[in-house]
Amino acid sequence: MRARSRLAELLSKAPAEAQAVEFDEAWWSWGDLQSVDRQLGRILDGAGLGSGARIGVVLENRPEHVGTVISLLASGRCLVTLSPLQPAERLAADIARCGVPVVVASPEVLARPGVLDAITEAGLAVQLDQQGGAGPVGGKVPDEAETAPGVSIEMLTSGTTGPPKRVRLTDRQFEAALVSSGQVPREGVLLRKGLSVVATPMVHIGGLWNAVATLFAGRRMALLPRFTLDPWVRVIDRHRPPAAGLVPAALRTVLEADISPEKLSSLRVVTCGTAYCPPELADAFFRKYGARVLMTYGATEFAGAVAAWTLPLHEKWWETKKGSAGLPVPGVEVRIVSPDGVLLSMGEAGHLEIRTTQSPLGADAWLRTSDLGRVDQEGFVWINGRADDAIVRGGFKVQPDQVRKALERHPAVREAAVTALPDDRLGAVPVAAVELRPGVPVPEAAELIATCREVLTPYEVPVHVTVVAELPRTPSSKVSRVELLDLIRASMAAATA
């Protein structure tokens, strides 16, 4: 079934009293979502913005925003995501750049300095309140605006290494991602039992895909504004789902909080994406809670996962394949090539290329990713870092992931992150920051560097390591390399002051 038509069917036929989204321990019904759809439809239809129109949404994890997303997709429009998590000045600049005729936002976002002005200078501002009411609050639709027929979503990437970029996901890509993951409704069944927990930001692909896929399949959703430990545990304990999703940082938070296994005893699996999950962290979670941690690998450009672990794969292969990204999902082909595009043999390391209907290039073209990796004899995909992450130090290449692993050997280090510091003589040098385990003595930088020297070549050893209370993160919980470098520079300046 086509994704847009399926969502349109739900908005027209789902029983108004049926539960759809739980938020703050209260339920929004399908009737509530249908009300959002009707109100938004009247505004956009009245403005002449039909199928193909690009509509901006400052997208928060709230049920009225879920209703807005499925309304836009069901009506053939293009959802343009805008992040509420960025400072007001950056959000206003993003609104001005994206060139949409309408921006939908909450009252709290519209009250932030400069945001409403940025919207009304370019188009119409629509306020969406917590009761699901929608109405214009200023500005007007321009006479001409760019359209995007056949594009479901225009989405921000995570922005770990620089400013987030916009990626257009076509109807074909989004539908292929739903089908390849098994997120399909049962024939002749409108709504079904089951519940998914959505705690990652919908403004990024992981959270948005989870939310849309849940409703597309006819299941209910427990929506959290963000991942925080106690509300997440209460949701799991209350609804007893067999599966949930956690990014590595959240996985570690749950484990270190020593949550009672009984509260999480319903979980058989926990999917884990957005960033590399150390196998020892996955093993520790499994030993404590009995839930197998299933890694996924994907990217915004592919509308979701392209390789993943499943429960049967984990049961059979985990002990010999731990650390891999799993097998390609159905409909995805992978290969490894040299920098000049020569196909490499099984097991050789090189640049990862992917061919799939989920690709922006279409089903027949190979798309080179920014990741380095290899594929073993059984077809498991191993990611060895990013090609664009390599730090070239005086002609020698340093892979940040290798430095990270060296630092995390130290018993006091909870998590490490590595980035490149520009250097006039060598081009760039590796520098790092570490977040410590709770209650441990703070190690000296020299001690951390000595740990690295035990397993790294001299040119790989970081020139500076700083201890931080928390590593800086993007909304999708990846470490922000941009903020990391600013933090390390400040630490180096303080050390020499």
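Residues numbered from 1 in each chain as written. Predicted model: local features only at pLDDT ≥ 70, side-chain atom pairs only at ≥ 80, totals over all residues. Heavy atoms only, no water.

### Considering the packing of aromatic side chains
Now for step 1: By the definition in use, this model includes 5 aromatic pairs.
Now for step 2: Taken together, the aromatic side chains of Trp309, Trp317, Trp318 and Phe380 make up a single cluster linked through ring pairs.
Now for step 3: The ring of tryptophan 382 has arginine 374 lying over it, and the distance from NZ or CZ to the ring centre is 4.6 Å. (Phe/Tyr/Trp six-rings, centres within 6.5 Å; stacked < 30°, edge-to-face > 60°. Lys NZ or Arg CZ within 6 Å of the ring centre and 35° of its normal.)

### With respect to the pairing of strand S25 (residues 464–468)
Now for step 1: Along S25, 4 of the 5 residues are buried, which leaves the element largely enclosed by surrounding structure.
Now for step 2: Relative to S25, strand S24 (residues 427–436) is paired through 5 bridges, and the arrangement is parallel. Bridged to glutamate 435 within S25 is valine 468.
Now for step 3: Once the chain exits S24 it traverses helix H14 (residues 445–453) before rejoining the sheet at S25, and the crossover so formed is right-handed. (Buried < 20%, exposed > 50% of the residue type's maximum accessible area, 1.4 Å probe, protein only. Helix = DSSP H or I, 4+ residues; strand = E, 2+ residues; numbered from the N terminus. Pairing = 2+ DSSP bridges. Right-handed = clockwise from strand over helix to strand, strands pointing away.)

### Points about helix H1 (residues 3–13)
Now for step 1: Residues of H1 that are buried: Ala3, Arg4, Arg6, Leu7, Leu10 and Leu11. In a view along the axis of H1, the buried residues occupy a sector of 165 degrees, so they form one face of it. In H1, the exposed residues that point more than 90 degrees away from the buried face are Ser12 and Lys13.
Now for step 2: Taken together, the buried residues of H1 touch helix H2 (30–46), helix H3 (63–74), strand S8 (151–156), helix H7 (171–180) and helix H8 (205–216). (Arc of directions from axis to C-beta. Contact = heavy atoms within 4.5 Å.)

### Remarks on the pattern of salt bridges
Now for step 1: All chains considered together, the criterion is met by 32 salt bridges.
Now for step 2: The partner of aspartate 283 in a salt bridge is lysine 322, and the shortest N-O contact between them spans 2.6 Å. With aspartate 283 in helix H11 (residues 279–289) and lysine 322 in the loop between helix H12 (311–321) and strand S16 (327–328), this pair connects stretches of sequence that are 39 residues apart.
Now for step 3: Residue aspartate 283 is classed as buried on the basis of its relative accessible area, which comes to 13%. (Salt bridge = Lys/Arg side-chain N within 4 Å of Asp/Glu carboxyl O.)

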